[in-house]
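# Overview (structure and organization)
Residues per chain are reported as follows:
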Amino acid sequence: MGNLTATRPLRPWTAPTASDPVVASLRLPGSKSMTARALVLSALAGGPSTLARPLRARDTELMAGALRALGAHMSIADDDRWLVRPHPLAGPAHVDVGLAGTIMRFVPPVAGLAEGRITFDGDPQARTRPLGPLIGALRSLGVRIETPATGSLPLTVFGAGRVTGGEVVIDASASSQLVSGLLLAAPRFDRGVVVRHVGPPVPSAPHLRMTVQMLRAAGAAVDDTVPDVWVVEPGPLSGRGWEIEPDLSGAVPFFAAALVTGGEVTLRGWPRSSAQPVEQLRGLLQRMGGEVSLSTEGLTVRGTGKVCGIDADLSDVSELTPALTALAMLADSPSRFTGVAHIRGHETDRIAALAREFTALGADITESTDGLEIRPRPLRGGVFRTYHDHRMAHAAAVAGLAVPGIELDDVSCTSKTMPEFPALWSAMVTGKS
């Protein structure tokens, strides 16, 4: 089932079980993906920027800390409005990536633009996350980097104050962040960048589209008309105001609650036009028995009293796999999820972890190379290990809506992207949201 390192029990938390349909209207924290990209682009811009309603969580605070260590001025005391003032980038500095893929893949290209020695390390599990293709790409673009023989953390970037840039070939099949990291810093490279992906399909394509969209919003010239090729011209980036959308991935467990309980959940503050994969989510939830609508109130999901099993390729929306797996456990027919081999390299091997933990609760679930097959049958309560992974905690919470006695060994891992999760979830289930 892959290499799994179980968490040491820290804060046991029993997932609340719903006795009635969940009816809730919620305002959730901002998108982690948008917040991270906005911070990087703001640190590289020619003037100040603001982030409205950003996500305050471990990943984004570490990202702000990383950019501050390189010289950017960050004012993040106000939860609703962060201010970034760019400043010449310089070392020496140390970057704590925590367990955040965004930091370990977005900041090394920025560090190449700094003058001085910048070291990177993070949580023990971070050293297993894929970095080799990015390191090789940066070296070919003129950045000096020292790494262990494994091509992973810890690493040291010896910044020269500039990056030559140019054309690079990369296999980004392990993570779209490997491409996004290069693109975000590329306008500041002397020659910009041409990134050519060669290999299996790049997962999470909507995240790459978000990167391109936000680069253009900051004034960069980006050409992504040729499949698997991204061209970013050198040029200045503009400081601007960023409106951060609510986090769609973080909302999925809450939407799943509407399906599980036959209730209705509205995510307030959802924009009419989104940089996140809302249409893919809408299609998946509708196929699983939900009704999805967008109004001036927000994005609403209604349960119809049944949950349907589906066969789905989740390669574009792999972050949803844990919550959708929990939902599939409670469906009226089997489900098969494919296209997510790369999530074996996330905070933990998510495919193996989901199979192991739900099997321990009585599930009939098997893992394949790139996904999971779920045959619903009654589950029982028990300890569910999270492996330091916020999405594993979300999956356990969804299953706990219908299965009494599911106890998470450590719900505090949700602080990675949503510190408020335990309180928000409990309030929603008990009708006090």
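Everything that follows concerns the structure shown earlier in this document.
Structural notes, computed from the coordinates. Keep in mind that what you see is a predicted model, and the values were worked out from it rather than measured. In this numbering scheme, every chain counts its residues from 1 along its sequence in written order. The predicted origin of the model limits local features to residues at a pLDDT of at least 70 and limits the giving and counting of side-chain atom pairs to 80 or more, whereas totals for whole chains, interfaces and linings rest on all residues. To obtain the side-chain values, all non-hydrogen atoms of the structure were used and water was disregarded.

### A look at the sheet that holds strand E8 (residues 144–146)
So the rule is basically this: A pair of strands is considered paired only if DSSP assigns at least 2 bridges between the two. Only runs of H or I of at least four residues qualify as helices and only runs of E of at least two qualify as strands under DSSP, and these elements are numbered from the N terminus. Here, axes are lines fitted to C-alpha atoms. For helices the fit covers the stretch in contact, and angles between N-to-C directions go from 0 to 180 degrees. When checking whether two residues touch, look at their non-hydrogen atoms; a contact exists if any pair is within 4.5 Å.
Ordered by their spatial adjacency, four strands build an open sheet running E6-E7-E9-E8, and the pairing between neighbours is mixed. Of all strands in the sheet, those bounded by a partner on one side alone are strand E6 (93–96) and E8. Geometrically, the sheet is characterised by an average inter-axis angle of 20° between neighbouring strands, direction not taken into account. Pairing analysis gives four bridges linking E6 to strand E7 (residues 115–121), with the strands arranged parallel. Residue Val95 lies in a different strand from E7, and its bridge partner there is Phe120. Each of E6, E7 and strand E9 (155–160) is contacted by helix H3 (residues 101–112), which is oriented at about 30° to E9, the strand it contacts most.

### Thoughts on the packing of helix H7 (residues 248–261) against helix H11 (residues 390–400)
To keep things clear, this is the line we draw: Reported orientations rely on four angle classes, namely roughly parallel under 35 degrees, roughly antiparallel over 145, roughly perpendicular from 65 to 115, and oblique for the rest. Here the nonpolar group is Ala, Val, Leu, Ile, Met, Phe, Trp, Tyr, Cys and Pro; Asp, Glu, Lys and Arg are the charged ones; every other residue, Gly included, is treated as polar.
Axis separation between H7 and H11 bottoms out at 10 Å; the angle between their running directions is 10°. Judged by the angle between their axes, H7 and H11 are roughly parallel. Residues Ser249, Gly250, Pro253, Ala256 and Val260 of H7 touch H11, and the partners they reach there are Arg391, His394 and Val398. When grouped by side-chain class, the residues that make up the contact of H7 with H11 number four nonpolar, three polar and one charged.

### Section: the environment of Thr325
In this structure, Thr325 sits in helix H9 (residues 321–329). Contacts of Thr325, omitting those with residues within four sequence positions, involve Phe337, Leu354, Phe358, Ile365, Leu372 and Ile374.

### Some thoughts on the sheet that holds strand E4 (residues 73–75)
Taken together, the four strands give an open sheet; going across it, the order is E4-E5-E3-E14, and neighbouring strands pair in mixed fashion. Only two strands of the sheet have a single neighbouring strand rather than two, namely E4 and strand E14 (241–243). The mean inter-strand angle of the sheet, taken between neighbouring strand axes irrespective of direction, is 15°. Note: strand E3 (residues 49–52) against E14, three bridges, orientation parallel. Residue pairing in the sheet places Thr50 in a bridge with Gly241 of E14.

### Brief notes about the nonpolar core
What counts is decided by this rule: Throughout this description, the term nonpolar core refers to a set of buried Ala, Val, Leu, Ile, Met, Phe, Trp, Tyr and Cys residues connected via side-chain atoms within 4.5 Å. Only protein chains enter the area calculation, which uses a 1.4 Å probe; residues under 20% of their type maximum are buried, those over 50% are exposed, and those in between are partly exposed.
In terms of nonpolar packing, the biggest core is built from 78 residues, with Phe120 and Leu183 touching the most fellow members. Formed by 74 residues, the second largest nonpolar core is a distinct cluster that contains Ala24, Phe255, Ile351 and Ile406.

### Structural notes on the packing of aromatic side chains
Under the convention used in this document: Pairing of aromatic rings covers Phe, Tyr and Trp, the last counted by its six-membered ring, and requires centre-to-centre distances within 6.5 Å; plane angles under 30 degrees mean stacked, over 60 mean edge-to-face, and any other angle means tilted.
Summed over all chains, the structure comprises four aromatic pairs. Look at Phe254 and Phe421: their rings are 5.7 Å apart centre to centre, the planes differ by 75°, and that puts the pair in the edge-to-face class. A residue pair is termed long-range when its members are at least 10 positions apart, and Phe254 in helix H7 and Phe421 in helix H12 (residues 421–430) qualify at 167 residues. On the basis of an interplanar angle of 65° and a centroid distance of 5.1 Å, the ring pair of Phe358 and Phe384 is categorised as edge-to-face. Highlighted residues: Phe358 in helix H10 (residues 350–360) and Phe384 in strand E22 (residues 382–384), separated in sequence by 26 residues. You can call Phe358 buried: its relative accessible area is 0%. By way of ring pairs, the aromatic residues Phe254, Phe421 and Trp425 are connected into one cluster.

### What about the pattern of salt bridges?
Opposite charge on two side chains permits pairing when their charged atoms draw close. Let me state the cut-off plainly: A pair is scored as a salt bridge if a Lys or Arg side-chain nitrogen falls within 4 Å of a carboxyl oxygen belonging to Asp or Glu.
The final tally for this structure, using the stated rule, is 25 salt bridges. A salt bridge links Asp123 to Arg58; the nearest nitrogen and oxygen atoms lie 2.8 Å apart. Here the residue Asp123 occupies a position in the loop between E7 and helix H4 (132–140), and Arg58 occupies one in helix H2 (residues 58–69), the gap between them amounting to 65 residues. For Asp123, a relative accessible area of 18% gives the class buried. Close ionic contact of Arg144 with Glu146 constitutes a salt bridge, the shortest N to O distance being 3.6 Å. Among the residues examined, Arg144 registers a relative accessible area of 49% and is labelled partly exposed. For Glu146, a relative accessible area of 42% gives the class partly exposed.

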